Amino acid sequence: MNKILYCPWCDRYAREPWYHCPFCHSQTIYIKAWEKKSEENKKEWLEKFPKIDPPRPTKDKSLLREAEKFDKQARAELAQEEARKQYIPRCPTCGCPDVERVGFGEKIVDTAVWGFLARKPKCQFRCKNCGYEW
Ligand SMILES: [Zn+2]
Ligand SMILES: [Zn+2]
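Residues numbered from 1 in each chain as written. Chains lettered and ligands numbered in written order. Predicted model: local features only at pLDDT ≥ 70, side-chain atom pairs only at ≥ 80, totals over all residues.

Chemist: Go over the sheet that holds strand E3 (residues 29–30), please, and point to the residues and values.
Modeler: Pairing within the open sheet is antiparallel, and its 3 strands lie in the order E2-E1-E3. If you trace the sheet from one side to the other, it starts and ends with strand E2 (12–14) and E3, each paired once. Taken together, the 2 bridges between strand E1 (residues 5–7) and E3 define a ladder with antiparallel strand orientation. Across the sheet, the residue bridging to Leu-5 is Tyr-30, located in E3. (Pairing = 2+ DSSP bridges. Helix = DSSP H or I, 4+ residues; strand = E, 2+ residues; numbered from the N terminus.)

Chemist: Give me the nonpolar core: which residues, what numbers.
Modeler: Membership of the largest hydrophobic core comes to 13 residues, with the highest contact counts inside it found for Leu-5, Tyr-6, Cys-7, Tyr-13, Ala-14 and Cys-21. Looking at this core, the elements that each hand over two or more residues are E1, E2 and helix H3 (61–86). Top element by residues in this core is E1. It accounts for 3 residues. Residue contacts for Tyr-13: discarding those within four places in its chain leaves Ile-4, Leu-5, Tyr-6, Ile-31, Phe-70, Asp-71, Ala-74 and Arg-75. (Core = buried A, V, L, I, M, F, W, Y, C linked by C-beta atoms within 7 Å. Buried ≥ 20, exposed ≤ 12 C-beta atoms within 10 Å, placed from the backbone. Contact = placed C-beta atoms within 7 Å.)

Chemist: Please provide a residue-by-residue account of H3, values included.
Modeler: An α-helical turn contains 3.6 residues, so a residue and the one three or four places further along point in the same direction. Taking 1.5 Å per residue as the helical rise, H3 with its 26 residues ought to reach 38 Å, and the 38 Å between its terminal C-alpha atoms agrees with that figure. Taken as a whole, H3 has its buried residues at Ala-67, Asp-71 and Ala-74. Contacts made by the buried residues of H3 are with E2. (Expected span 1.5 Å × (residues − 1).)

Note that every value here comes from positions in space, so none of it alone points to a role or purpose.
What follows is the structure in structure tokens.
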């Protein structure tokens, strides 16, 4: 994920070594570095590396296809990563987020006794507030 490059001008993702956007030939920047910037720093960066206008997409058709593919893939992966970060389990009964993961110790014994069927653990979370498990 750290190696993903980004073109702020066309809002596209690129990979190394596409330090110039395949879609417009503007300068790209590592996505992590871009996200760390404040709005002001972003503006500065955009002034320093202005948009190539009119855009000069690569003439290499296969590279362009690959870039399209990479952009889609990176977008999906980044969205997934974001969703994972934002997922906070909440207690379904009282709705509080003060929830802990239940240990799997007893369930492993359970599986050992009952054989090969890897049973899905009954509960994964326990609410510290009301004690509800689900
Ligand atoms: Zn671009
Ligand atoms: Zn609860």
